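Read off the chains here:
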Amino acid sequence: MADAAGRLTKLAEEVLGAPLPVRIRAWDRSESGPPGAPTLVIRHRRALRRMLFKPGELGLARAWVAGDLDIEGDLYAALDLLAGLIWERPDGGGSQRAAVLRALARPEIRAAARELLALAGAPVPPAPPVEEVRRRRGPLHTLRRDKAAISHHYDVGNDFYALVLGPSMVYSCAYWGTGEDAGAFTLEDAQRDKLDLICRKLGLREGRRLLDVGCGWGSMVLHAAREYGVRAVGITLSEEQATFARKRIAEAGLADRIEIRVQDYREIHDEPFDAISSIGMAEHVGRTQYAEYADALYSLLKPGGLLLNHQIARRPVVDEEAYRVDEFIDRYVFPDGELAPLGRTVGQLEDAGFEVRDVEAIREHYALTLRRWVANLEEHWDRAVRLTSPGRARVWRLYMAACALSFERNRLGVNQVLAVRTPDAGDAGQPLRARTWHPAAPGA
């Protein structure tokens with residue numbers, strides 16, 4: 001079994017048809033690959049069995065979450081180098097998994113595959129890590145199934161989220177400063193500015209009524225009530241979030257202005273609202289339910305009311321019907337979550353009757369936000385493990401770092417869409433010039 005790393009490197013390069021961009025250290029302490037490159041540490045032969053029984057990202061994810069696989073060196077650099085093995089290509093051409101499976105069909109590669117089987121040991125698939133969502137039954141996006149999916153992601157402990165998110169307790173893209181003061185911006189500054197930006201886009205002021213769909217730990221409704229004097233309703237499907245938000249609101253002395261409910265957006269039958277914010281929630285709605293989501297929010301607004309829909313978008317693919325959710329994200333992070341291209345989201349809001357007034361792309365801001373969250377997690381790693389589990393902490397580190405790169409490389413985007421339930425008379429109540437662009441050229 002000597003030099004397992006060398007044998008694995010040779011096999012990987014035969015299958016991929018290109019040099020392996022990272023170094024490998026195997027369970028027998030052998031090493032192979034480019035000196036100075038990030039090192040893929042295969043701690044146990046079990047990692048190979050996981051990848052053999054589930055070729056592609058799910059096998060890699062299981063090995064990572066179980067601790068059978070690790071990375072030494074710059075995590076971001078390693079993930080960037082391995083991007084072709086992990087992510088789908090933005091042109092819709094599939095991931096490297098398809099190329100690997102095609103290569104394994106070639107006679108000269110099958111011998112190498114047999115060697116990999118020998119290296120992997122006992123031909124028994126290891127059980128998935130306990131952090132993996134098990135088989136789900138029934139139709140997507142029923143009230144019950146959506147509540148279970150939300151619970152998987154959010155009910156992992158408020159103390160864990162406080163450690164990762166920091167004092168703001170905002171779990172969505174922050175809004176970072178520019179110019180000379182950008183370097184002094186803290187995560188809390190950037191999250192405060194994001195909440196304030198949304199309040200200003202929605203034209204909030206004393207006496208208005210706000211609905212925050214997917215209110216999280218209450219940060220948006222708290223900011224809106226405290227700074228703009230609104231009355232607010234926040235809804236979430238997470239019991240833990242609701243408990244935490246109610247406590248914050250009581251401590252702030254705003255319980256007479258804010259109500260937190262454990263409720264689905266499909267269950268709201270209140271009098272109309274002046275404004276609705278939906279910040280990082282629509283990713284959970286799903287393709288089959290999005291029209292109902294848009295219709296529901298439209299019906300909950302007064303004529304002239306505003307919606308701010310803050311939502312992650314993926315790049316369009318050639319065959320949209322063939323698009324599949326990333327297996328790692330679906331099994332370990334956001335069960336049943338689905339991303340859509342920006343154009344589809346805007347189209348469905350328009351189909352519901354909204355007039356879309358503004359779209360602001362803030363993709364780079366999310367990369368900065370995620371890197372801060374990863375830094376918080378790494379700084380408090382031992383406590384994060386105690387609060388959840390080693391596997392859960394590893395899930396979060398991988399998912400946030402990989403997502404940061406996806407936003408940086410334009411695989412993912414995030415957009416704030418401002419839409420109005422414009423009255424029949426046509427007056428949307430919006431300023432003629434709502435945005436500030438780049439400064440004019442000298443002499444213009």
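One structure accompanies this document, and this report is about it.

So, how was this worked out
Residues numbered from 1 in each chain as written. Predicted model: local features only at pLDDT ≥ 70, side-chain atom pairs only at ≥ 80, totals over all residues. Heavy atoms only, no water. Pairing = 2+ DSSP bridges. Helix = DSSP H or I, 4+ residues; strand = E, 2+ residues; numbered from the N terminus. Buried < 20%, exposed > 50% of the residue type's maximum accessible area, 1.4 Å probe, protein only. Right-handed = clockwise from strand over helix to strand, strands pointing away. Axes fitted to C-alpha atoms, helices over the stretch in contact; angles between N-to-C directions.

1. What about the sheet that holds strand β3 (residues 39-42)?
Argument step 1. The 4 strands are arranged β2-β1-β3-β4 in an open sheet whose pairing can be described as mixed. Across the chains shown, the open sheet's two edge strands, defined by having one partner strand only, are β2 (31-32) and β4 (69-72).

2. Notes on the pairing of strand β6 (residues 231-236)
Argument step 1. The element β6 is largely enclosed, with a buried count of 5 among its 6 residues.
Argument step 2. Sheet topology places strand β5 (residues 209-213) next to β6; 5 bridges connect them, and they run parallel. Bridging from a neighbouring strand, Asp212 pairs with Gly234 of β6.
Argument step 3. Once the chain exits β5 it traverses helix α11 (residues 219-228) before rejoining the sheet at β6, and the crossover so formed is right-handed.
Argument step 4. Relative to strand β7 (residues 258-262), β6 runs parallel, the two sharing 5 bridges. Paired with Thr236 across the bridge in β7 is Val262.
Argument step 5. Following the chain from β6 across helix α12 (residues 239-251) to the adjacent parallel β7, one finds a crossover that is right-handed.

3. Some words on unusual backbone geometry
Argument step 1. Backbone geometry places Arg29, a non-glycine residue, at a positive phi of 75°.
Argument step 2. Along the chain, the position of Arg29 falls in the loop between β1 (23-25) and β2.
Argument step 3. In the Ramachandran plot, Met169 falls in the positive-phi region, its phi being about 50° despite a non-glycine side chain.
Argument step 4. In this fold, Met169 is placed in the loop between α9 (158-165) and α10 (187-201).

4. Here's the deal with the sheet that holds strand β8 (residues 273-279)
Argument step 1. Read from one edge to the other, the open sheet built from 7 strands follows the order β7-β6-β5-β8-β9-β11-β10, with strand pairing classed as mixed. Because the sheet does not close on itself, it has two edges, and the strands there are β7 and β10 (355-361). Neighbour-to-neighbour, the strand axes of the sheet open up by a mean angle of 15°, direction not taken into account.

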